[in-house]
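# A look at the structure
Chain by chain, the residues run as shown.
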Amino acid sequence: MNMNTTYTDQIYEPGTLPPLGCIPRRMHAWTIRQDRLGDPLTAFRDEIVELPALKPHEVLVANVSVGINYNGIWAARGAPKNVLDANGTYGDDRQSFHICGSEASGIVYATGEAVSNVRVGDPVILSASKYDPDCPWIRSGGLPEYSPTYHMWGYEGNWGAFAQFSKVSDYQCVLKPSELDWDEAAVCCATGTTVNRMLCHWDGNRIRKGDVVLIWGGAGGLGTSAIQQTRAYGGIPIAVVSGTERGAYCKSMGAAGYIDRTRFTHWGSIAGLDEAGMRRWSMQAARFRNEIYEIAGGRINPAIVLEHPGGDTLATSLFVCAPGGMVVLCGATTGYLATVDLRHLWIYQKRIQGSHAGSPENLKEYLRLRQTYDFASSVCRVYPWDQLPNAHKDMEQGTNLMGKFAVRILPDSWLEERNCL
């Protein structure tokens, strides 16, 4: 801990904090516990908890704004995994509560004795990718993303963003560019780095100028980031959405066009379809592909398909993908079990690639793109602290979801008084 740190027993209400150098011993945090798992509206509860102690390479950050992601819904429901079961697995003391939240912007309030990349008072963006730098895999030159210690802060690991303070590793902190406001900075990391890895990481299928990129959920946080990054790299982004209003929003973000998936009926598993059923499925999938051709201005199949619905859509994604192209998957919001026609995979030598989050290099590249190109804001709604459960419920139901949701913890008035705007 930095030498000039002092402590106070005062509990500060959300929206205010002590001055730099003074750390409250307890804080407000939105927690989940085993007996409340279920609906996000009741699973999350504002509690007073003790602040965690810092290790030499850890940083204490006062959160200004936090991003809402689907993993908060999963954590609240305890499915597809119960994150409380793994509490204490990643080097921290086991707690009876879990603090979710995998992206934030904030101000460094304290640092461990070995931290050298940030100082108290620095504005930072927090990355969710976490691992043990001393694990044998990484020390031998392996990428951290494949380390057995790799996990998502605020989901698989405790002390996430949904609190007045977060404890993170020093390498998770990236200085906030001045041109990003606090809310935009809070929501850019999870989607921005994830998309950048999907587009740029995989040898043989990196995005090239002129590539058509098909983007599922184009109006969501991942989709709006994908549209703008594809444009920045010279690609042709085509969005898949669930209505004309969302399609228009995608075009305003730079999409070449959109496909309204509600006009098609072939979604779901293709397992068990008889010959006639497969013919009907193929006709629908071909009609879907023809809409891609119409937007692209010719018979151009997507070189990259950015997938995250999973179960309902993977067969179609593989069908429309270009020969030698890639379907890259970062989630499965419609189901984890999927069926595909393997003939499309081997005959046309297509690729199905899993991709999880992103590296610090992906975050830096994404921030470079933002500084070079005029990206539109991806924040569609900012909630106050006491509405954090509602933000998750709205995301789960798709309410007003065109872009990203943020929850603001420290108001502009407090930041302005301390010259932090």
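Before any of the text, the structure's been laid out above.
Here is what the cut-offs are and how they apply
Residues numbered from 1 in each chain as written. Predicted model: local features only at pLDDT ≥ 70, side-chain atom pairs only at ≥ 80, totals over all residues. Heavy atoms only, no water. Helix = DSSP H or I, 4+ residues; strand = E, 2+ residues; numbered from the N terminus. Contact = heavy atoms within 4.5 Å. Pairing = 2+ DSSP bridges. Core = buried A, V, L, I, M, F, W, Y, C linked by side-chain atoms within 4.5 Å. Buried < 20%, exposed > 50% of the residue type's maximum accessible area, 1.4 Å probe, protein only. Salt bridge = Lys/Arg side-chain N within 4 Å of Asp/Glu carboxyl O. Axes fitted to C-alpha atoms, helices over the stretch in contact; angles between N-to-C directions. Parallel < 35°, antiparallel > 145°, perpendicular 65-115°, else oblique. Left-handed = near helix turned anticlockwise from the far one by under 90°. Nonpolar A, V, L, I, M, F, W, Y, C, P; charged D, E, K, R; others polar.

Below, the discussion takes up the environment of Y383. Of note, Y383 is situated in strand β19 (residues 379-384). Note: C-alpha distance between Y383 and T265 (118 residues apart in sequence) is 35 Å. Not counting residues within four places of it along the chain, the set of residues in contact with Y383 comprises N390, A391, D394, F405, A406, V407 and R408.

This part is about the sheet that holds strand β6 (residues 98-99). Read from one edge of the open sheet, 3 strands run β4-β3-β6, paired in antiparallel fashion. Single-partner strands in this sheet number two, and they are β4 (45-50) and β6. By the bridge criterion, 2 bridges tie strand β3 (residues 26-32) to β6 in an arrangement that is antiparallel. Each residue of the ladder has a partner; that of I32, found in β6, is H98.

What follows concerns the nonpolar core. Inside soluble globular proteins, nonpolar side chains tend to come together where they are buried. Counting residues in each nonpolar core, the largest one holds 64 residues, and the members touching the most others are I99 and F162. For this core, the leading source of residues is strand β5 (residues 58-67), giving 6 residues. If we ignore the near neighbours within four places in the chain, the residues touching F162 are A29, W30, F44, V66, G67, I68, I99, C100, G101, W385, L388 and H392.

Further remarks concern the pattern of salt bridges. Scanning the model with the defined rule gives 23 salt bridges in all. One salt bridge connects R381 with D394, and the closest N-O pair in it is separated by 3.4 Å. Note that R381 is positioned in strand β19 and D394 in helix α11 (residues 388-397), a separation of 13 residues in sequence. Put simply, R408 and D412 hold a salt bridge, and the shortest N to O gap is 2.8 Å. R408 sits in the buried class, given a relative accessible area of 15%.

This paragraph deals with the sheet that holds strand β17 (residues 326-329). The strands making up a sheet associate through backbone hydrogen bonding, with each pair oriented either parallel or antiparallel. Pairing within the open sheet is parallel, and its 6 strands lie in the order β15-β14-β13-β16-β17-β18. Of all the strands in the sheet, the pair left with one neighbour each is β15 (257-260) and β18 (351-354). Taking the axes of each pair of neighbouring strands and ignoring which way they run, one obtains an average angle of 20° across the sheet. Strand direction decides the pairing type here: β17 and β18, joined by 4 bridges, are parallel.

Attention now goes to the packing of helix α4 (residues 182-200) against helix α10 (residues 360-372). Two elements in contact, α4 and α10, have axes separated by 8 Å at closest approach and are oriented at 110°. In terms of their interaxial angle, α4 and α10 are classed as roughly perpendicular. As α4 packs across α10, the resulting crossing turns out to be right-handed. Contact residues: E184, C188, C189, G192, T193, N196 and R197 in α4; N362, L363, E365, Y366, L367, L369 and R370 in α10. Its residues placed into classes, the contact of α4 with α10 shows 6 nonpolar, 4 polar and 4 charged.

It is worth spelling out unusual backbone geometry at this point. Geometrically, the link from A79 to P80 is a cis peptide bond, its omega value of 15° lying close to zero. Here P80 lies in the loop between α2 (70-77) and β6. Its identity is not glycine, yet W159 carries a phi of approximately 65°, on the positive side. When you line up the elements, W159 lands in the loop between β10 (151-152) and β11 (165-169). Residues other than glycine seldom take positive phi values, yet A357 does so here, at roughly 55°. You can see A357 is positioned in the loop between β18 and α10.

Our next topic: the environment of F97. Its location among the elements puts F97 in the loop between α2 and β6. With a relative accessible area of 7%, F97 lands in the buried category. Between the alpha carbons of F97 and K209 there is a distance of 47 Å; along the sequence they are 112 residues apart. Apart from residues lying up to four places away in sequence, F97 is in contact with T31, I32, R33, V49, L84, N87, N158 and W159.

Shape is all these values report; function is a separate question.
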